[in-house]
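One letter stands for each residue in the lines below.
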Amino acid sequence: KQEVTQIPAALSVPEGENLVLNCSFTDSAIYNLQWFRQDPGKGLTSLLLIQSSQREQTSGRLNASLDKSSGRSTLYIAASQPGDSATYLCAGVLDRGGSYIPTFGRGTSLIVHP
Amino acid sequence: GAVVSQHPSWVICKSGTSVKIECRSLDFQATTMFWYRQFPKQSLMLMATSNEGSKATYEQGVEKDKFLINHASLTLSTLTVTSAHPEDSSFYICSAVKGGSEAFFGQGTRLTVV
């Protein structure tokens, strides 16, 4: 069964730190991988989408990389701020027997304290 | 980028009533849509795959008679929670796949059954 795993499950850091959130998937036959942010009680906000042909994407203080061979993606957050506090989810469009289905990790809950 | 609209964003209903959630792809046709459910502090779990013009494929443990899915057109899928009970209170989100592999997500619907 295709799975997406996120490590760590929770993270609490002081403001200003650079952070790395990890996402791993069990099958290198991935079409794309997307990182989301979810605030408590809210919906998903798309942060970055990496196609399988790409190695990384950047948006502001966020940088996401994709390594298909190792089945890993990382989300790098530079100079973290309290406003970055949220749950970060990765979702990979994985091949499930010929059907390509977006599959979510369990998320990393991030708290950035002043 | 492509847009997926989900409506309503939140709904409160009485126990025993039915609630319909709509998922529309606004600027592309989606032959396949996915419905997810998120319990508090849990990840988004796939409930079913909705295919235009045919019956939905439900994941193991999801009651098809309780969660009715209709994908009547290439731009609209609906999820109806029938005879809702408090344990059905959750966050529901849909995804529409463009071009066979690129997934776009609705903002989600928070259902509260009282």
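Computed from a predicted model, the values in this text were never measured in an experiment.

Caption draft 1: How the structure looks around a nonpolar patch on the surface. Residue and element names in this part refer to chain B. A grouping of Trp10, Ile12 and Val114 is seen on the molecular surface, where their side chains present a nonpolar patch of about 370 Å² in accessible area. Residue position: Val114 is located in the segment after strand S11 (109-113). When its relative accessible area of 58% is taken as the criterion, Val114 is described as exposed.

Caption draft 2: Local environment of the sheet that holds strand S8 (residues 76-81) of chain B. All names here are of chain B. Here we have four strands laid out as an open sheet, ordered S1-S3-S8-S7, and antiparallel in their pairing. In this open sheet, the two edge strands, each paired with only one partner strand, are strand S1 (4-7) and strand S7 (67-73). Each strand axis lies, on average, 15 degrees off the axis of its neighbour in the sheet, ignoring direction. Direction of pairing for S7 relative to S8: antiparallel, over a ladder of five bridges. Looking across to S8, one finds that Phe67 is bridged to Val81.

Caption draft 3: Expanded view of the nonpolar core. Residue and element names in this part refer to chain B. With 25 residues, the main nonpolar core has Val4, Trp35, Phe67, Ile69, Leu79, Tyr92 and Leu111 as its most contacted residues. Looking at this core, the elements that each hand over two or more residues are strand S2 (10-13), strand S3 (19-25), strand S4 (32-38), strand S5 (44-51), S7, S8, strand S9 (90-98) and S11. Residues contacting Val4, with those up to four places away along its chain left out, are Cys23, Arg24, Ser25, Phe28, Cys94, Ala96, Phe104, Phe105 and Gly106.

Caption draft 4: A look at the sheet that holds strand S8 (residues 72-77) of chain A. All names here are of chain A. A sheet is described by the order of its strands in space; here five strands give the open sequence S1-S3-S8-S7-S6, paired in antiparallel fashion. Every other strand in the sheet has two partners, leaving strand S1 (4-7) and strand S6 (56-59) as the edge strands with one partner each. The mean angle between the axes of side-by-side strands here comes to 15 degrees, regardless of whether they run parallel or antiparallel. Sheet analysis places S6 next to strand S7 (residues 62-67), joined by four bridges and oriented antiparallel. Of the residues in S7, the one forming a bridge with Gln57 is Ala64.

Caption draft 5: Representation of the state of the cysteines in the model. Scanning the entire structure with this criterion turns up two disulfides over all chains. Paired by a disulfide, A:Cys23 and A:Cys90 hold their sulfur atoms 2.0 Å apart. One disulfide, between A:Cys23 and A:Cys90, carries an S-S torsion of 75 degrees and so falls in the right-handed class. With A:Cys23 in strand S3 (residues 19-25) and A:Cys90 in strand S9 (residues 86-96), this residue pair connects regions lying 67 residues apart in the sequence. Given the relative accessible area of 2%, A:Cys23 is considered buried. Note on cysteine connectivity: B:Cys23 is disulfide-linked to B:Cys94, with sulfurs 2.0 Å apart. Measuring handedness by torsion sign, the sulfur bridge of B:Cys23 and B:Cys94 sits at about 80 degrees and is right-handed. With B:Cys23 in strand S3 and B:Cys94 in strand S9, this residue pair connects regions lying 71 residues apart in the sequence.

Caption draft 6: Quick peek at the pairing of strand S11 (residues 108-113) of chain A. Residues and elements named next belong to chain A. Where burial is concerned, the two faces of S11 differ: the one with Thr108, Leu110 and Val112 is buried and the one with Ser109, Ile111 and His113 is not. By the bridge criterion, five bridges tie strand S2 (residues 10-14) to S11 in an arrangement that is parallel. Paired with Pro14 across the strands is His113, a residue of S11.

Criteria and thresholds
Residues numbered from 1 in each chain as written. Chains lettered and ligands numbered in written order. Predicted model: local features only at pLDDT ≥ 70, side-chain atom pairs only at ≥ 80, totals over all residues. Heavy atoms only, no water. Patch = residues over 30% accessible without salt bridge, like charges linked within 9 Å, V, L, I, M, F, W, Y side chains within 5 Å. Areas by Shrake-Rupley, 256 points an atom, 1.4 Å probe, with all protein chains shown as cover. Salt bridge = Lys/Arg side-chain N within 4 Å of Asp/Glu carboxyl O. Helix = DSSP H or I, 4+ residues; strand = E, 2+ residues; numbered from the N terminus. Buried < 20%, exposed > 50% of the residue type's maximum accessible area, 1.4 Å probe, protein only. Pairing = 2+ DSSP bridges. Axes fitted to C-alpha atoms, helices over the stretch in contact; angles between N-to-C directions. Core = buried A, V, L, I, M, F, W, Y, C linked by side-chain atoms within 4.5 Å. Contact = heavy atoms within 4.5 Å. Disulfide = S-S within 2.5 Å.

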